[in-house]
Each structure stands twice: as C-alpha cells, then as structure tokens.
Amino acid sequence: MSNSDYNKAENAVNSTENSLQNAADKAKWTINDLADKARDYIKEKRDNNEEVNEKDWLDKVKENVSDTWDDIKDKASETWEKTKDAAEDAKAEWNKKTN
C-alpha cells in the first residue's frame, strides 16, 4: 500500500473526526445549558399550571442524549465506510502492481 493510499484513509478519518466533534458540540447540552433548560422547563410547567416531575424532565434530557448518539453513530459509520473503501482501493491497487 502506498503512502498516498494511507494518506487517503487517514484524511477520511480526520475529516470525519472533525464532523463528529462538530456534531457532538452542537448537540450536547453543557451544564449551564442544562440548568437553563431546567429553569425553562419549570417556568413552562408553571405557566401552564402543570406539575413538574423528574421523570418528565429526565425524558427531555434523554431525548437530547439520544439525538446526540444518533449523530455520533451516523458519523462513526461514515468514517468506517470511508476508511474501509480507502483500504479496499489500496488493496486493489496493490494487487494490480503485484500481478
């Protein structure tokens, strides 16, 4: 496998790493965001004369985490496919050179 082939695979991983980081940064709630969203949740419930409860709140948090996981899983799968494709291309190139 040539350096060019290794570089293609590495570049695919680096590109997807950046995409994963961006997706995680955009999707995750920081501690401050979490506190703000908890306050908003309480205010919304109070304004609608509804009872606040931990299960409802945790469901909202869980939904955010689930969305984050889906984004990360998609990017990780994309990385796997790009890296696998680059490795297969390199193997095919190697076979052409050695046959």
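Residues numbered from 1 in each chain as written. Predicted model: local features only at pLDDT ≥ 70, side-chain atom pairs only at ≥ 80, totals over all residues. Heavy atoms only, no water.

(A) Quick peek at the overall build of the protein. When its secondary structure is counted, the protein shows three helices and zero strands. Moving toward the C terminus, one meets the helices and strands of the protein in the order α-α-α. When contacts within the protein are restricted to residue pairs at least 6 apart in sequence, long-range pairs at least 24 apart make up 69% of them. Carbon together with sulfur atoms contributes 49% to the accessible area of the protein, which is approximately 7800 Å² in total. (Helix = DSSP H or I, 4+ residues; strand = E, 2+ residues; numbered from the N terminus. Contact = heavy atoms within 4.5 Å. Areas by Shrake-Rupley, 256 points an atom, 1.4 Å probe, with all protein chains shown as cover.)

(B) Up close: unusual backbone geometry. Of note in this structure, N49 is not a glycine but carries a positive phi near 55 degrees. Secondary-structure assignment places N49 in the loop between α2 (31–47) and α3 (54–98).

(C) Quick look at the pattern of salt bridges. Within the structure shown, the criterion is met by five salt bridges. Measuring nitrogen to oxygen at the nearest pair gives 2.8 Å for the salt bridge that ties D47 to K43. Within this pair, D47 and its partner K43 are both found in helix α2, separated by four residues, close to a single helical turn. A residue is classified by how much of its surface remains accessible, and D47, at 53% relative accessible area, is exposed. (Salt bridge = Lys/Arg side-chain N within 4 Å of Asp/Glu carboxyl O. Buried < 20%, exposed > 50% of the residue type's maximum accessible area, 1.4 Å probe, protein only.)

(D) Quick look at a negative patch on the surface. Residues E63, D67, D70, D71 and D74 make up a contiguous surface patch of negative charge. Assignment of secondary structure puts D67 in helix α3. D67 gets classed as partly exposed once you look at its relative accessible area, which sits at 42%. (Patch = residues over 30% accessible without salt bridge, like charges linked within 9 Å, V, L, I, M, F, W, Y side chains within 5 Å. Lys, Arg positive; Asp, Glu negative; His and termini not counted. Charge placed at Lys NZ, Arg CZ, Asp CG, Glu CD.)

(E) Structural context of α2. Here α2 is 17 residues long and its end C-alpha atoms lie 24 Å apart, about the 24 Å a rise of 1.5 Å per residue gives. Of the residues one or two after α2, N49 is the one with positive phi, at around 55 degrees. (Expected span 1.5 Å × (residues − 1).)

(F) A look at the confidence of the model for the protein. The predicted model of the protein averages 78 in pLDDT, with 83% of residues at 70 or higher. Looking across the protein, the model is least confident in helix α1 (residues 3–27), with a mean pLDDT of 69, and most confident in α2, with 87. (pLDDT = per-residue confidence, 0-100.)

(G) Representation of the side chain of K45 in the model. On the secondary structure map, K45 appears in helix α2. Given the relative accessible area of 14%, K45 is considered buried. Sequence-distant contacts of K45, defined by excluding residues within four places in its chain, comprise E50, E51, V52 and D56.

(H) Representation of the packing of aromatic side chains in the model. Per the counting criterion, the structure on display carries one aromatic pair. Between Y41 and W57, the ring centres sit 5.7 Å apart and the planes meet at 40 degrees, which makes this aromatic pair tilted. Separated by 16 residues along the polypeptide, Y41 in helix α2 and W57 in helix α3 bring together distant segments of the chain. Pair check on accessibility: Y41 and W57 agree, each one buried. (Phe/Tyr/Trp six-rings, centres within 6.5 Å; stacked < 30°, edge-to-face > 60°.)

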